[in-house]
Amino acid sequence: MKENDKNNIEDLRFRKILSDTKLSAGENLKFRIMQQIETENSLVRKKAKGSFSILDNMFSVFGVMYAVIAIAAGIVYFSAGKEAVESSYMYLIVILIVSVCSMFWMISLYDERRRKKNQKK
């Protein structure tokens, strides 16, 4: 126990000696340092947090796809009647719209994956 008390007393003396020799920064220096930090923070580009969700992208692309199909079916129905909507010509239009929207969706997914990969580097 006595040896531990001696170490504590020596430790306290050593801390007191070191605290007496410390130099403290002046208020002007502190102000300039804080001003420099704030200036650097304001000049650094803030990363845009692009929240890309696959489901959001999917719903938007396929929502537009179904809207275009509905508009095309409406135009064909009002111009040529029910038989034209059930014809093979309308099926070809629907297949074309679906394939274009699906390709756009796949390209957008690939592009987003490529962007994330480049941001990590």
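See the structure printed just above.
Definitions and limits used
- Residues numbered from 1 in each chain as written.
- Predicted model: local features only at pLDDT ≥ 70, side-chain atom pairs only at ≥ 80, totals over all residues.
- Heavy atoms only, no water.
- Helix = DSSP H or I, 4+ residues; strand = E, 2+ residues; numbered from the N terminus.
- Buried < 20%, exposed > 50% of the residue type's maximum accessible area, 1.4 Å probe, protein only.
- Contact = heavy atoms within 4.5 Å.
- Areas by Shrake-Rupley, 256 points an atom, 1.4 Å probe, with all protein chains shown as cover.
- Core = buried A, V, L, I, M, F, W, Y, C linked by side-chain atoms within 4.5 Å.
- Salt bridge = Lys/Arg side-chain N within 4 Å of Asp/Glu carboxyl O.
- Expected span 1.5 Å × (residues − 1).
- Axes fitted to C-alpha atoms, helices over the stretch in contact; angles between N-to-C directions.
- Parallel < 35°, antiparallel > 145°, perpendicular 65-115°, else oblique.
- Left-handed = near helix turned anticlockwise from the far one by under 90°.
- Nonpolar A, V, L, I, M, F, W, Y, C, P; charged D, E, K, R; others polar.
- Phe/Tyr/Trp six-rings, centres within 6.5 Å; stacked < 30°, edge-to-face > 60°.

K.L.:
So what's going on with the overall build of the chain? Which residues, and what values?
P.N.:
Scanning the chain from terminus to terminus reveals 5 helices and 0 strands. Relative to its full complement of 121 residues, the chain shows a buried share of 12%. Long-range contacts, defined here as pairs at least 24 residues apart, represent 70% of the contacts in the chain between residues at least 6 apart. Approximately 11300 Å² of the chain is accessible, and the part contributed by carbon and sulfur atoms is 62%.

K.L.:
Got a sec to walk through the nonpolar core? Specific residues and values, please.
P.N.:
Membership of the largest hydrophobic core is limited to 11 residues, which are Val-61, Phe-62, Met-65, Ile-69, Ala-72, Val-76, Ala-84, Met-90, Ile-97, Cys-101 and Trp-105. At the level of secondary structure, the elements contributing two or more residues to this core comprise helix 3 (54–80) and helix 5 (88–120). Per-element tally for this core: the top contributor is helix 3, with 6 residues.

K.L.:
Describe the pattern of salt bridges, listing the residues and the values that go with them.
P.N.:
Summed over the entire model, instances satisfying the criterion amount to 2 salt bridges. Notably, a salt bridge pairs Asp-111 with Arg-114, separated by 2.6 Å at the nearest N-O pair. Taken together, the positions of Asp-111 and Arg-114, both in helix 5 and 3 residues apart, correspond to about one turn of that helix. For Arg-115, the salt bridge goes to Asp-111, with nearest N and O atoms at 3.2 Å.

K.L.:
Describe helix 3, naming the residues involved and giving the relevant values.
P.N.:
For helix 3, spanning 27 residues, the distance from its first C-alpha to its last is 38 Å, which sits close to the expected 39 Å at 1.5 Å a residue. Listing the buried residues of helix 3 in full gives Asn-57, Val-61, Phe-62, Met-65, Ile-69, Ala-72 and Val-76. Positive phi shows up at Gly-81, right after helix 3, with a value of about 100 degrees.

K.L.:
Quick one: what's the story with the packing of helix 3 against helix 5, residue by residue and with numbers?
P.N.:
Where helix 3 meets helix 5, the closest approach of the two axes is 10 Å, and the angle between their N-to-C directions is 160 degrees. Taken as axis vectors, helix 3 and helix 5 run roughly antiparallel relative to one another. With respect to the hand of their crossing, helix 3 and helix 5 are arranged in right-handed fashion. Counted together, Ile-54, Asn-57, Met-58, Val-61, Phe-62, Met-65, Val-68, Ile-69, Ala-72, Ala-73 and Val-76 of helix 3 and Met-90, Ile-93, Val-94, Ile-97, Val-98, Cys-101, Ser-102, Phe-104, Trp-105, Ser-108 and Leu-109 of helix 5 form the full contact between these two elements. In the contact of helix 3 with helix 5, the residues fall into 19 nonpolar, 3 polar and no charged.

K.L.:
Could you give me a rundown of the packing of aromatic side chains, with the residues and numbers involved?
P.N.:
Here the structure, examined in full by the defined rule, presents 2 aromatic pairs. Taking the centre distance of 5.3 Å and the plane angle of 55 degrees together, the rings of Phe-62 and Trp-105 count as tilted. Placement of Phe-62 in helix 3 and of Trp-105 in helix 5 is noted, with a sequence separation of 43 residues between them. An identical accessibility class is assigned to Phe-62 and Trp-105; each is buried. When the centroid spacing of 5.5 Å and the interplanar angle of 70 degrees are considered together, the rings of Tyr-77 and Phe-78 count as edge-to-face. A relative accessible area of 72% places Phe-78 in the exposed class.

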